[in-house]
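Here is what each chain is made of, one letter per residue.
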Amino acid sequence: MRKMALMSLLALLAGCGSMDLISERGDFLAYGHGSRQGAFQDVYTDAAAKCQQKGLVAMHTSTVSPDRCVSNFECVKR
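Residues numbered from 1 in each chain as written. Predicted model: local features only at pLDDT ≥ 70, side-chain atom pairs only at ≥ 80, totals over all residues. Heavy atoms only, no water.

A look at the nonpolar core
Moving on, step 1. If you look at the biggest cluster of nonpolar residues, it comprises nine residues: L29, Y31, V43, A47, C51, L56, A58, F73 and C75.
Moving on, step 2. Among the elements of the structure, β2 (28-33), α2 (39-53) and β4 (69-76) are those that each provide at least two residues to this core.
Moving on, step 3. The element best represented in this core is α2, accounting for three residues. (Core = buried A, V, L, I, M, F, W, Y, C linked by side-chain atoms within 4.5 Å. Buried < 20%, exposed > 50% of the residue type's maximum accessible area, 1.4 Å probe, protein only. Helix = DSSP H or I, 4+ residues; strand = E, 2+ residues; numbered from the N terminus.)

Below is the structure:
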């Protein structure tokens, strides 16, 4: 029982600290990330870097946070 509880806690903590690029289609980016403070900043920084490579800027379009947050960005002209 303790082992199961420890594994659940580790899975929860790993989810709160990770950032995953879920989808990159054209100028649209979707990231999965935890809800910890600063997690949104991490994904925004990555999206901004990807958009900058295309000569564009990242615009945040939405975030949904049931258990694990999903944030969407679009690369747009200045």
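On we go from here.
A short note on the sheet that holds strand β3 (residues 57-64)
Strand pairing in a sheet relies on backbone hydrogen bonds, with the paired strands running either antiparallel or parallel.
Moving on, step 1. Spatially, β1-β2-β4-β3 is the arrangement adopted by the four strands of the open sheet, whose pairing is antiparallel. The strands lining the two open edges of the sheet, one partner per strand, are β1 (19-25) and β3. Taken pair by pair, the neighbouring strands of this sheet meet at an average axis angle of 25 degrees, ignoring direction.
Moving on, step 2. Two strands pair when backbone bridges link them, and β3 and β4 are joined in this way by seven bridges, in the antiparallel orientation. (Pairing = 2+ DSSP bridges. Axes fitted to C-alpha atoms, helices over the stretch in contact; angles between N-to-C directions.)

Quick notes on the state of the cysteines
Moving on, step 1. This structure, assessed with the given rule, holds one disulfide.
Moving on, step 2. Across a sulfur-sulfur distance of 1.9 Å, C51 and C75 are joined as a disulfide pair. Its S-S torsion of about -75 degrees marks the bond between C51 and C75 as left-handed, since a negative value means left-handed. A residue pair is termed long-range when its members are at least 10 positions apart, and C51 in helix α2 and C75 in strand β4 qualify at 24 residues. (Disulfide = S-S within 2.5 Å.)

Looking at α2
Moving on, step 1. With 15 residues, α2 extends 22 Å from end C-alpha to end C-alpha; this agrees with the ideal 21 Å at 1.5 Å per step.
Moving on, step 2. In this fold, the buried residues of α2 make contact with β1, β2, β3 and β4.
Moving on, step 3. Among the residues trailing α2, G55 stands out with phi positive, at a value near 75 degrees. (Expected span 1.5 Å × (residues − 1). Contact = heavy atoms within 4.5 Å.)

Let's talk about the environment of N72
Moving on, step 1. Residue placement: N72 occurs in strand β4.
Moving on, step 2. Remark: the alpha-carbon pair of N72 and S23, spanning 49 residues in sequence, is separated by 9.2 Å.
Moving on, step 3. Not counting residues up to four positions away in its chain, the partners in contact with N72 are L29, A30, M59, H60, T61 and S62.

None of this, on its own, says anything about what the molecule does.
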